[in-house]
Amino acid sequence: MPRIRPGPIVLALLLVLCGAPPVLASSQGGKPIVVFQPGSRPYGKTFGEWSAEWWKWAYSIPVDRNPLFDETGANAGEGQDGQVFYLAGVFNVSGTVTRSVTVPPGKALFFPLLNVEWDNHCPPVDPPMDESQLRAVVNENLDMVSALTCEVDGTELPDLFSYRSTSPSFDVTFPDNNIFQLFGCDHITPGTYSGFVSGGYYVMLAPLPKGMHTIRFGGSVGDPPFFTLDVTYHVFVSPSEENPGPILASVVPNPLNPEAVLRYRVPKEGPVTVTIYDLNGRLVRTLLAAEHRAAGSHQAVIDGRDAQGRKLASGVYFYRVEATDASIGGRFTIMK
């Protein structure tokens, strides 16, 4: 595929559709998880129109907090202000990521298994292609998709190739530090640009029952595949808008050499303590000592040194994040 972004960007949408959607599976308490059929118009839009909305969302967020570059789910809530909560693929070398996110109740989910966007802006095309030519390139790339997968709480959704759709032409408003600038198109300064066309394999789910869910999606391009995407979301649907969900934490990259970032999310405002221990349970370093943090996502740097500034030996270490009424721990590895 010549220019799928990012690499290609693979996403699968799970949304509420109009009409009579089929039941995918039973979930907690016997409540059904509902998938809606292609050709429906969830919230008054076609799948193709929702795919354009997804791209507008993805391109509107600066790289430093864009969910496409997020390895943990800490940035998943960026720009999520409508009836539909968007899930993202990942822009990394492996095409694999696992994220933990909290979704407010009553939000439908939308994400593409595999998708493509094409335009005349990055890199600049001279003479520019018209809409039919852009659409032809999108379809040529989608024709190369060789495998698709989507599981919700362990139940696989069938007939995924029937979920293919294409968007109308749409406009995009870019911020500073945008994705196109990352790709070397420095002329894409903040502002609105027209003439974007996209297509992909999108799925839509009704709002999930409250509680924990696992969504795994992705696919392959080529036969044999030269690109594979494998994205897993652990989704906590909060019982109410006032319940911000569980405490979350992860270390990226892991293993680390020489540094990593401990990303964590606390559900309530208050003091936060972050500590590191060795395999014998000895305290190695305190990164935060009851420091006040607002509810939401934060991070702390693990620089591979102990409290005295000495470099830590290679091996396995443990971290612990303690916040108001909640705590979480995990492990990471130092490799030299």
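What comes next is a walk through the structure. Given the structure is predicted, the values throughout are model-derived calculations rather than measurements.

### What to know about the sheet that holds strand β11 (residues 211-221)
An order of β4-β12-β11-β6-β7 is seen for the 5 strands of this open sheet, with the pairing classed as mixed. Both outer strands of the open sheet, β4 (96-103) and β7 (155-156), are each paired with one neighbouring strand and no more. Judged from the 2 bridges that link them, strand β6 (residues 145-152) and β7 form a sheet pairing that is antiparallel. Across the sheet, residue E151 finds its bridge partner in β7, namely E156.

### Looking at the sheet that holds strand β19 (residues 326-334)
If you walk across this open sheet you meet the 4 strands as β16-β15-β18-β19, and the pairing is antiparallel. Both outer strands of the open sheet, β16 (283-293) and β19, are each paired with one neighbouring strand and no more. Neighbour-to-neighbour, the strand axes of this sheet turn through a mean angle of 15°, independent of strand direction. Of the pairings in the sheet, the one linking strand β15 (residues 270-277) to strand β18 (residues 315-323) comprises 5 bridges and is antiparallel in character. Along β18, the bridge assignment pairs T275 with R320.

### Re helix α2 (residues 131-142)
For α2, spanning 12 residues, the distance from its first C-alpha to its last is 17 Å, which sits close to the expected 16 Å at 1.5 Å a residue. Along α2, the positions that sit buried rather than exposed are L134, R135, V137, V138, N141 and L142. Taken end-on, α2 shows its buried residues confined to a sector of 155°, consistent with a single buried face. Away from its buried face by more than 90 degrees, α2 exposes S132 and E140. The elements touched by buried residues of α2 are β5 (108-118), β6, β8 (164-166) and β10 (191-205).

### Structural notes on the environment of P128
With respect to the helices and strands, P128 occurs in the loop between β5 and α2. Accessibility expressed as a relative area gives 55% for P128, which makes it exposed. Sequence separation between P128 and G195 is 67 residues, and the spatial gap between their C-alpha atoms is 9.9 Å. Apart from residues no more than four positions distant in its own chain, P128 is found in contact with N120 and Q133.

Rules of the game
- Residues numbered from 1 in each chain as written.
- Predicted model: local features only at pLDDT ≥ 70, side-chain atom pairs only at ≥ 80, totals over all residues.
- Heavy atoms only, no water.
- Pairing = 2+ DSSP bridges.
- Helix = DSSP H or I, 4+ residues; strand = E, 2+ residues; numbered from the N terminus.
- Axes fitted to C-alpha atoms, helices over the stretch in contact; angles between N-to-C directions.
- Expected span 1.5 Å × (residues − 1).
- Buried < 20%, exposed > 50% of the residue type's maximum accessible area, 1.4 Å probe, protein only.
- Arc of directions from axis to C-beta.
- Contact = heavy atoms within 4.5 Å.

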